[in-house]
Amino acid sequence: MTDPPNMNSPKEEPELNLANRWYDQDPVLQRALEQLRQATDKQQAQVALNIIKIVVEHQMEEDTDISTEALNQTLATQASWDEHRQHRRWYDLHEALSSAIQLLCDCPEDLQTRLIPSIAQMIETTLQTEC
């Protein structure tokens, strides 16, 4: 005899499947972004600026596949903000945060892997301080 279905377990809906989020592939980044999701707007804005700074500085310091000129061109040619917000991801509500997380997502994988620990630490430190 089979066990009856557990009525207390939440239904998994495709649009809520967390495994579809790109950052869930790295548990450190996932944890950091989940903490960031609960942060104040001011903390999120501060983290966004720091992520952009970290990524751009590393892009400039290293010989990566993306030049600063190409990075500027990519950012300038992205869809308008209104179109971008249609993604309805939690971080799309703030333009700077959306841009910062997308910039991190678009990094070459080896650079992203190296940046994640310092970005996670920066997020944790920022959230521990009173803004």
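These numbers were taken from a predicted model, which means no experiment stands behind them. (Residues numbered from 1 in each chain as written. Predicted model: local features only at pLDDT ≥ 70, side-chain atom pairs only at ≥ 80, totals over all residues. Heavy atoms only, no water.)

Visitor: Mind laying out the packing of helix α2 (residues 41-61) against helix α6 (residues 109-128), listing which residues take part and the relevant values?
Guide: It is at 10 Å that the axes of α2 and α6 come closest, and there the two elements cross at 150°. In this view, α2 runs roughly antiparallel relative to α6, as classed from their interaxial angle. Considering how the two elements wind past one another, α2 and α6 form a crossing that is right-handed. Contact with α2, carried on its side by Gln-43, Gln-46, Val-47, Asn-50, Ile-51, Ile-54, Val-55, His-58 and Gln-59, involves Leu-111, Leu-115, Ile-119, Met-122, Ile-123, Thr-126 and Leu-127 of α6 and no other residues of that element. Each residue belonging to the contact of α2 with α6 can be placed in one class, and the counts come to ten nonpolar, six polar and no charged. (Axes fitted to C-alpha atoms, helices over the stretch in contact; angles between N-to-C directions. Helix = DSSP H or I, 4+ residues; strand = E, 2+ residues; numbered from the N terminus. Parallel < 35°, antiparallel > 145°, perpendicular 65-115°, else oblique. Left-handed = near helix turned anticlockwise from the far one by under 90°. Contact = heavy atoms within 4.5 Å. Nonpolar A, V, L, I, M, F, W, Y, C, P; charged D, E, K, R; others polar.)

Visitor: Kindly report on the packing of aromatic side chains, identifying the contributing residues and their values.
Guide: Scanning the model with the defined rule gives three aromatic pairs in all. Between Trp-90 and Tyr-91, the ring centres sit 5.4 Å apart and the planes meet at 90°, which makes this aromatic pair edge-to-face. Trp-90 sits in the buried class, given a relative accessible area of 13%. Taking the relative accessible area as the measure of exposure, Tyr-91 reaches 3% and is therefore buried. (Phe/Tyr/Trp six-rings, centres within 6.5 Å; stacked < 30°, edge-to-face > 60°. Buried < 20%, exposed > 50% of the residue type's maximum accessible area, 1.4 Å probe, protein only.)

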